Amino acid sequence: MTKIHKMEIRPRYCECDPMSVVHHTVYPIWFEMGRTELLRAGGSTYADLETRGILLAVTRLDVRYRKPAKYDELLVLETTLRDVGHVKIEHSYRLCRGDEELVIGETTLACIDRDGRVQPLPANARVVIHAKASWYTKSGTLTMSAKEIRQVGVGELLARLE
């Protein structure tokens, strides 16, 4: 089920301290950007989930700072979907400058309702969140089980394949 998305980031001046080093509070924001783009690459958005009453709250954030990122450097953030469970979603992150690893991190998100109570992540949402990458073999052949098709629904399946 592992799904990976890479995006380029170029630190802006406002994200840096007076020494042109990216401030430590910026990395969680970039992690959120990575999660958002990973979901978008899979054919959905957080806005789509929210309109369906699926809200995701960060319950755990771990950031390991290995080397500083600096103003205007070209960086690549790799976001990996690690697990989609009944209530939680886990991601990992790797920020690099070329081949040099600068920052690594992990988050856990919990599915909650509009009152902030934990709720199960609907089965069709679990499928949609990690859908497209896991549906295809390396040769590009669509592979889904009948159970996955029933969970996501034929209409949504067709919409995702467009």
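See the structure printed just above.
Each residue is numbered by its place in its chain's sequence as written, counting from 1. Local features in a predicted model are, by the rule used here, given only for residues with pLDDT of at least 70; side-chain atom pairs are given and counted only at 80 or more, and totals for whole chains, interfaces and linings are based on all residues. Excluded from the side-chain calculation are hydrogens and water; included are all heavy atoms of the structure.

## Description of empty space enclosed by the protein
The gaps left among the atoms become clear once a water-sized probe is rolled over them.
Point 1. In this analysis a 1.4 Å probe is tested at points of a 1 Å grid over the protein atoms alone, and where it fits but cannot get out there is a cavity; an open set with protein on both sides within 12 Å along at least five of seven lines is a pocket; lining residues have an atom within 4 Å of a point. Grid points are joined across faces, edges and corners, and a volume is the space filled by probe spheres set on the points. Scanning the model with the defined rule gives one cavity of 30 Å³ or more in all.
Point 2. In this structure, the largest cavity spans a volume of roughly 80 Å³.
Point 3. Lining the largest cavity are Lys3, Arg35, Leu38, Leu39, Tyr46, Leu49, Leu56, Leu81, Ile89, His91 and Ile129.
Point 4. Note on conventions: DSSP H or I runs of at least 4 residues are helices, E runs of at least 2 residues are strands, and numbering of each starts at the N terminus. Contributing elements (two or more residues each) for the lining of the largest cavity: helix H1 (26-41), helix H2 (46-51) and strand E4 (88-97).
Point 5. No other element matches the three residues that H1 contributes to the lining of the largest cavity.
Point 6. A breakdown of the residues in the lining of the largest cavity according to their chemical character gives eight nonpolar, one polar and two charged. Three classes are used: nonpolar for Ala, Val, Leu, Ile, Met, Phe, Trp, Tyr, Cys and Pro, charged for Asp, Glu, Lys and Arg, and polar for all others, with Gly counted as polar.

## Focus on the pattern of salt bridges
Point 1. Counted as salt bridges are all cases of a side-chain nitrogen of Lys or Arg within 4 Å of a carboxyl oxygen of Asp or Glu. Counted by the stated rule, this structure contains 13 salt bridges.
Point 2. Here Glu106 ties to Arg60 by a salt bridge, and the two come within 3.4 Å at their closest N and O atoms. In this pair, Glu106 is assigned in strand E5 (residues 100-112) and Arg60 in strand E2 (residues 55-65), connecting sequence segments 46 residues apart.
Point 3. When the shortest N-O distance is used, the salt bridge between Glu101 and Arg66 registers 3.3 Å. You can see Glu101 sitting in strand E5 and its partner Arg66 sitting in the loop between E2 and strand E3 (75-84), a full 35 residues away along the chain.
Point 4. Buried means the residue's accessible area, taken with a 1.4 Å probe over protein chains only, is under 20% of the maximum for its type, while exposed means over 50%, and partly exposed covers the values in between. For Glu101, a relative accessible area of 26% puts it in the partly exposed group.
Point 5. Through salt bridges with shared partners, one network takes in Lys67, Glu73, Arg97 and Glu100.

## Side note on unusual backbone geometry
Point 1. Phi angles above zero are rare outside glycine, and Ser20 is one such case at about 70 degrees.
Point 2. Note on placement: Ser20 falls in the loop between strand E1 (3-9) and H1.
Point 3. Positive phi values are uncommon outside glycine, yet Asp72 reaches one of about 65 degrees.
Point 4. Mapped onto the secondary structure, Asp72 falls in the loop between E2 and E3.

## Examining the sheet that holds E3
Point 1. Spatially, five strands are ordered E1-E3-E4-E5-E2 in an open sheet, and the strand pairing comes out antiparallel. Pairing within the sheet leaves two strands with one partner each, and these edge strands are E1 and E2. On average, each strand axis in the sheet is tilted by 20 degrees relative to the strand beside it, whichever way the strands run.
Point 2. Two strands qualify as a pair provided that DSSP identifies no fewer than 2 bridges between them. As judged from the eight bridges shared by E3 and E4, these two strands associate in the antiparallel manner. Residue pairing in the sheet places Leu77 in a bridge with Leu95 of E4.
Point 3. Contact definition: two residues touch when any of their heavy atoms are within 4.5 Å. A fitted line through C-alpha atoms serves as each axis, taken over the contacting stretch for helices, and the angle formed by two N-to-C directions is quoted from 0 to 180°. Strands E1, E2, E3, E4 and E5 of the sheet are contacted by H1, whose axis makes an angle of about 125 degrees with E1.

## Re H1
Point 1. One less than the number of residues in a helix, times 1.5 Å, gives the span that helix is expected to have. Compared with an ideal rise of 1.5 Å per residue, which puts 16 residues at 22 Å, H1 spans 23 Å between its outermost C-alpha atoms and is within 8% of the ideal.
Point 2. Of the residues making up H1, those classed as buried are Val26, Tyr27, Trp30, Phe31, Gly34, Arg35, Leu38 and Leu39.
Point 3. Taken from the residues just after H1, Gly43 is the one with a positive phi, measuring 95 degrees.

## Notes on the nonpolar core
Point 1. For the purposes of this section, nonpolar cores are sets of buried Ala, Val, Leu, Ile, Met, Phe, Trp, Tyr and Cys residues that join through side-chain atoms within 4.5 Å. Within the largest apolar cluster, 16 residues are counted, with the highest numbers of intra-cluster contacts made by Val22, Tyr27, Trp30, Phe31, Leu77, Leu95 and Val103.
Point 2. If you list the elements that add at least two residues to this core, you get E1, H1, E3, E4 and E5.
Point 3. Considering every element that reaches this core, the biggest residue donor is H1, with four residues.
Point 4. Contacts of Leu77, omitting those with residues within four sequence positions, involve His5, Lys6, Met7, Ile9, Trp30, Phe31, Gly34, Tyr93, Arg94 and Leu95.

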